[in-house]
Amino acid sequence: MRSPEKIRRGESDGRAINERTRNPAQGVAIIADLRFVQTFAKQDYGEALPPTMHRPAPLLPLPAGDIHLWLCPHGDSGDPALDASYRALLTPQELQQKDRFHFPRDRHRYLLTRVLVRTILSRYAPIEAQNWRFANGPFGRPRIDVSPDIEEAHGLDFNLSHTAGLIVLAIARNIELGVDVENIRRPAVLEAVDHFFAPAEAKSLGALPAALQPHRFFELWTLKESYIKARGMGLQIPLDSFAFALDNAGDIGFSLADPHGNAAWHFQQLQPTPDHLVALCTSTDARIVCRETSPLQCERVVQVRTTRASRISPLSPIPPS
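Under the annotation held in an unreviewed UniProt entry, the chain carries the name 4'-phosphopantetheinyl transferase and is attributed to Variovorax boronicumulans. In its Sequence similarities (unreviewed entry) section, UniProt records this for the chain: "Belongs to the P-Pant transferase superfamily. Gsp/Sfp/HetI/AcpT family."

Listed below in structure tokens is the structure:
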């Protein structure tokens, strides 16, 4: 994921996600914290999971039109014994990649993200976590690469994003999707707006009181990243070639500079913690189920408030600047 700080340094690693039509009023109360329960966690499908995931858990159903959003809080380091279990699930190539990171916190986060993907995918298809294989698409986005004989893996797709304190994994079947998460306690890179955002976005943000501009920056940034990631084309899509309109409370308006482009994406924003903002972009309107997890330890269904969602109809094309 490309963080706003990387824009300041000139780095590029963009991806994206899409737009929703659900009324944000359908959202539910925000989670005040992300502490894990120590007893059995009751799932929305009526199953009880033990607080440890070392033994196989039953496969989760993933109905058509559903997206499962997994939230994984983390610190800068982990338990040595648990980390050893994590390393046993990674390939030699992944372990080499982990060791390339200079700072221990980055090595820990990489380890956690790879284990999260592997263990959560194994909740949907009968494949051991260490046996998942991945291939990169034309623009570098990873995709699942498994035997076509495994029916439960057909159409299964995922997208991953991480920031300080939280990793987010989106899982769906036969839905194009992208997800982005940002820690909104970080400084907003407001100087990037005029250079990378669409003129209408920059104008709208600049009209806000100074105290509100950082939050609007992160709203726009996460939406833009989610869209690029859903398209799977990285920075082949210029950030000023599409725009979001957020002046109406709870709404997400979306438009493209190309009047012939496909603007029928669905967007939703959620705030799982006071410090984190998540944007999700999908190719179809979808029901979102949120779960909180610590890989190989515990999981539980959580309710996360939707702060914004797509309008029913996309906006008109972006006017030329």
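This is not the end of the story, as more comes after the structure.
(A) Examining the overall build of the chain more closely. Secondary structure summary: the chain contains seven helices and 15 strands in total. By residue count, 53% of the 321 residues in the chain fall in the buried class. For the chain, long-range pairs separated by at least 24 residues make up 70% of all intrachain contacts whose partners lie at least 6 apart in sequence. Just so you have it, the chain exposes about 14,400 Å², and 52% of that area is on carbon and sulfur atoms.

(B) Here's a closer look at the sheet that holds strand S7 (residues 166–173). Strand order across the open sheet formed by five strands is S6-S7-S3-S13-S14, with mixed pairing between neighbours. In this open sheet, the two edge strands, each paired with only one partner strand, are strand S6 (156–163) and strand S14 (298–302). The sheet shows a mean angle of 20° between the axes of neighbouring strands, taken without regard to direction. Two elements, strand S13 (residues 287–294) and S14, share five bridges in a ladder whose sense is antiparallel. Across the sheet, Ser294 pairs through a bridge with Cys298, a residue of S14.

(C) How the structure looks around the sheet that holds strand S15 (residues 306–310). Pairing is mixed in the open sheet, where six strands are placed in the order S8-S12-S11-S15-S10-S9. Looking at strand neighbours, the two that pair on one side only are strand S8 (177–183) and strand S9 (242–245), the edges of this open sheet. Looking at each pair of strands side by side, their axes are set apart by 20° on average, direction ignored. Direction of pairing for S9 relative to strand S10 (residues 251–256): antiparallel, over a ladder of four bridges. Considered in S10, the bridge of Ala243 is made with Ser255. Of the strands in this sheet, S8, S9, S10, strand S11 (266–273), strand S12 (276–282) and S15 are in contact with helix H7 (residues 213–231), which crosses S8 at around 150°.

(D) Focus on the nonpolar core. Counting 30 residues, the largest nonpolar core has Phe217, Tyr227, Phe242, Phe244, Phe254 and Phe267 as the members making the most contacts within it. Of all the secondary structure elements, the ones that give two or more residues to this core are helix H6 (199–206), H7, S9, S10 and S12. The element best represented in this core is H7, accounting for eight residues. Counting 29 residues, the second largest nonpolar core, distinct from the first, contains Leu62, Leu82, Ala129 and Ile171.

(E) Looking closely at the packing of helix H3 (residues 92–100) against helix H4 (residues 104–121). For the pair H3 and H4, the least separation of the axes is 8 Å and the interaxial angle reads 150°. It follows from the interaxial angle that H3 and H4 lie roughly antiparallel. Viewed along their axes, H3 and H4 form a crossing whose handedness is right-handed. Contacts from Glu94, Gln97, Lys98 and Asp99 of H3 reach H4 at Arg107, Tyr110, Leu111, Arg114 and Arg118. Its residues placed into classes, the contact of H3 with H4 shows two nonpolar, one polar and six charged.

(F) Quick peek at the packing of H6 against H7. It is at 10 Å that the axes of H6 and H7 come closest, and there the two elements cross at 155°. By the angle class used here, H6 and H7 are roughly antiparallel. Both H6 and H7 take part in a crossing whose hand is right-handed. Contacts between H6 and H7 involve Glu201, Ser204, Leu205 and Gly206 on the former and, on the latter, Gln213, Arg216, Phe217, Leu220 and Lys224. Among the residues making up the contact of H6 with H7, the classes are represented as three nonpolar, three polar and three charged.

(G) Quick look at the pattern of salt bridges. Under the definition given, this model contains 13 salt bridges. Linking Asp99 and Lys98 is a salt bridge whose minimum nitrogen-to-oxygen distance equals 2.9 Å. Taking relative accessible area as the criterion, Lys98 reaches 10% and is therefore assigned buried. Counted as one network, the salt bridges with shared partners bring together Arg216, Glu219, Asp247 and Arg308.

Rules behind the numbers
- Residues numbered from 1 in each chain as written.
- Predicted model: local features only at pLDDT ≥ 70, side-chain atom pairs only at ≥ 80, totals over all residues.
- Heavy atoms only, no water.
- UniProt positions renumbered as here; feature names shortened; annotations may be inferred.
- Helix = DSSP H or I, 4+ residues; strand = E, 2+ residues; numbered from the N terminus.
- Buried < 20%, exposed > 50% of the residue type's maximum accessible area, 1.4 Å probe, protein only.
- Contact = heavy atoms within 4.5 Å.
- Areas by Shrake-Rupley, 256 points an atom, 1.4 Å probe, with all protein chains shown as cover.
- Pairing = 2+ DSSP bridges.
- Axes fitted to C-alpha atoms, helices over the stretch in contact; angles between N-to-C directions.
- Core = buried A, V, L, I, M, F, W, Y, C linked by side-chain atoms within 4.5 Å.
- Parallel < 35°, antiparallel > 145°, perpendicular 65-115°, else oblique.
- Left-handed = near helix turned anticlockwise from the far one by under 90°.
- Nonpolar A, V, L, I, M, F, W, Y, C, P; charged D, E, K, R; others polar.
- Salt bridge = Lys/Arg side-chain N within 4 Å of Asp/Glu carboxyl O.

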